[in-house]
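Residue-level structural notes
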Amino acid sequence: MGKYYLSKNYKELNSAGNKAKTDIEKILSEHGYCNAGLPQTTYQNNIVGFFLTLISVLRILLTISVNDIVILQYPLKKYYSFACRLVHLKKGKVITLVHDLGSFRRKKLTIEKEIKRLSSTDSLIVHNQYMKKWLLQQGHTKPIVCLEIFDYLSPAVANDPIKIENSPYKVIYAGALSYRKNRFLYLLDDVIHGWQFNLYGNGFEEERIHNKSSFNYKGFIPSDQLIEHVDGDFGLVWDGDSISTCSGNFGEYLKLNNPHKTSLYIRSHLPIIIWKEAALATFIADNKIGICINSLDEIEQVLHSITAKEYQEMKYNIGQVSQKLSSGYYTVKAVKEAKMILMLG
């Protein structure tokens, strides 16, 4: 039984989505999987990228044999169903690792079309139990395995500064900072008391902020540098257009998905502050690596209640989880489980 994954053309490697996909390619390669397609490329030109990925998919016909397993990362845009058909034409099996559901957040296709598309796989790896439950409710019938959290590869080592006693906690938020994407950021003026808020990323619209002293905008820095030099004690996972709950399409999606920024925070050894209803809140609570809140106006009270011992316990626990993320632990575990299901089936 041969073991394969499929690489493609990525326009760039710095986005969270592409970082997650290329990390998984590297993890699979290090664990004996071969690339069924062309080598990974990073051409910016849309036409060149289209044909390179198409040729990569077509190469499946030349590389795999009966009973071979091919891991596809979803979405694969126009090529996903076609790639599944090629694998099955060669009498192989497909394991699909889901990164994003287009029908839920971006509404790029209907739920019915997405479920039909995903039915082309033989086994599915999804973010967590909540995404699994949602897919089953929508009618997906193939076996489903949960990833738990995305691994995060980086040679960078967290600096782990010692927190100065009685100094305010520093909470960081990393990612897209525009008003359109994260409106909640621009509603925090009256909430930030007794703690500092540091922002990392692009698109911050400072002119929309009334109390500019509440925010410390650090600009964009590459993830490896963030891991090594982040100025913070906690990482915030929040989304949407409200501070009292995670609302809107982006906020609602937190109930199903694993934001990649969470893995970046963990690799930076930052305990997590996360919405209680987020899918990843269960993972954070079970591993004791952060705090779960209903509303952002709870942060001040929660931070003031944390003892030095409790914070150090969170830091220790997050160091343990960080080691797993850096080794590809969760990807390897989920793929092994999905393979076992196919072999038993």
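Below is a summary of the structure that appears in this document. Just so you know, these numbers come straight off a predicted model, no measurement behind them. (Residues numbered from 1 in each chain as written. Predicted model: local features only at pLDDT ≥ 70, side-chain atom pairs only at ≥ 80, totals over all residues. Heavy atoms only, no water.)

Points about the overall build of the chain
Selection rule: Strands here are runs of E lasting at least two residues and helices are runs of H or I lasting at least four, both read from the DSSP assignment and numbered beginning at the N terminus. Based on C-alpha atoms, the radius of gyration is set beside the globule rule, defined as 2.2 Å times the residue count to the power 0.38. Residue burial is assigned from relative accessible area. The probe radius is 1.4 Å, only protein chains are included, and a residue is buried under 20% of its type maximum, exposed over 50%, and partly exposed in between. Only heavy atoms matter for contacts: two residues are in contact if any of them lie within 4.5 Å across the pair.
A count of helical and extended segments in the chain gives 13 helices and twelve strands. Scaling as 2.2 N^0.38, a compact globule of 345 residues should have a C-alpha radius of gyration of about 20 Å, and the chain matches this with 21 Å. Referenced to the eigenvectors of the C-alpha coordinate spread, the extents of the chain come out at roughly 65 × 40 × 40 Å. Looking at the chain as a whole, 53% of its 345 residues qualify as buried. A sequence separation of at least 24 residues applies to 70% of the contacts in the chain between residues at least 6 apart.

Overview of helix α5 (residues 111-118)
Quick reminder of the rule: Directions are taken from the helix axis to each C-beta atom, and the arc is the one they span.
Within the sequence span of α5, burial applies to E114, I115 and L118. One side of α5 holds all its buried residues, which, seen down the axis, span an arc of 100°. Residues of α5 that are exposed and point more than 90 degrees away from the buried face comprise E112, K113 and K116. Buried residues in α5 make contact with β3 (69-74), α4 (80-89), β4 (93-98), β5 (123-126) and α6 (129-137).

Topic: the packing of aromatic side chains
Each aromatic ring pair is specified by the distance between its two centres and by the angle formed by the two planes. Heads up, the condition is: The aromatic pairing rule takes the rings of Phe, Tyr and Trp, using the six-membered ring of Trp, and pairs them if the centres are within 6.5 Å, calling planes under 30 degrees apart stacked, those over 60 edge-to-face and the rest tilted. Ring-over charges, as used throughout, are those where CZ of Arg or NZ of Lys falls within 6 Å of the ring centre and within 35 degrees of the ring normal.
Overall, the coordinates contain 18 aromatic pairs when judged by the stated rule. For the ring pair Y329 and Y330, a centre distance of 4.9 Å and an interplane angle of 90° mean the geometry is edge-to-face. Its relative accessible area of 34% is what places Y329 among the partly exposed residues. Three or more aromatic residues link up through ring pairs in this structure, and these residues are Y179, Y186, W195, F197, F204, F215 and Y217. Note that K8 overlies the ring of Y10, its terminal NZ or CZ placed 4.4 Å from the centroid.

Digging into the sheet that holds strand β11 (residues 272-275)
Condition: At least two bridges found by DSSP between two strands are what make those strands a pair. Orientation is described by lines fitted to C-alpha atoms, with helices fitted over the stretch in contact, and by angles between N-to-C directions that extend from 0 to 180 degrees.
Taken together, the six strands give an open sheet; going across it, the order is β9-β8-β7-β10-β11-β12, and neighbouring strands pair in parallel fashion. A strand with exactly one partner marks an edge of an open sheet, and here the two such strands are β9 (215-217) and β12 (290-293). Here the strands of the sheet are splayed against their neighbours by 25° on average, with no regard to which way each runs.

A look at the layout of surface pockets
For the record, the criterion: Cavity: a set of points on a 1 Å grid over the protein atoms alone where a 1.4 Å probe fits but cannot get out. Pocket: an open set with protein on both sides within 12 Å along at least five of seven lines, its lining residues, like those of a cavity, having an atom within 4 Å of a point. Grid points are joined across faces, edges and corners, and a volume is the space filled by probe spheres set on the points. By the convention adopted, Pro, Cys, Tyr, Trp, Phe, Met, Ile, Leu, Val and Ala count as nonpolar, Lys, Arg, Asp and Glu as charged, and the other residues, Gly among them, as polar.
In this model, the second largest pocket occupies a volume close to 340 Å³. Lining of the second largest pocket is provided by 15 residues; of these, K163, E165, N166, Y169 and A308 occupy positions nearest its centre. Elements supplying a minimum of two residues to the lining of the second largest pocket: α11 (299-305) and α12 (308-327). Broken down by element, the residue count for the lining of the second largest pocket peaks at three residues, all from α12. A class-by-class count of the residues in the lining of the second largest pocket yields seven nonpolar, six polar and two charged.

Re the packing of helix α9 (residues 260-267) against α12
Cut-off, in case you're wondering: Take the far helix as the reference: if the near one is turned anticlockwise from it by less than a right angle, the crossing is left-handed, and if turned clockwise, right-handed.
Two elements in contact, α9 and α12, have axes separated by 8 Å at closest approach and are oriented at 115°. Our pair here, α9 against α12, has a crossing hand that is left-handed. Facing α9, whose interface residues are S263, I266 and R267, α12 presents I318, V321, S322, L325 and S326. For the contact of α9 with α12, the class distribution of residues is four nonpolar, three polar and one charged.

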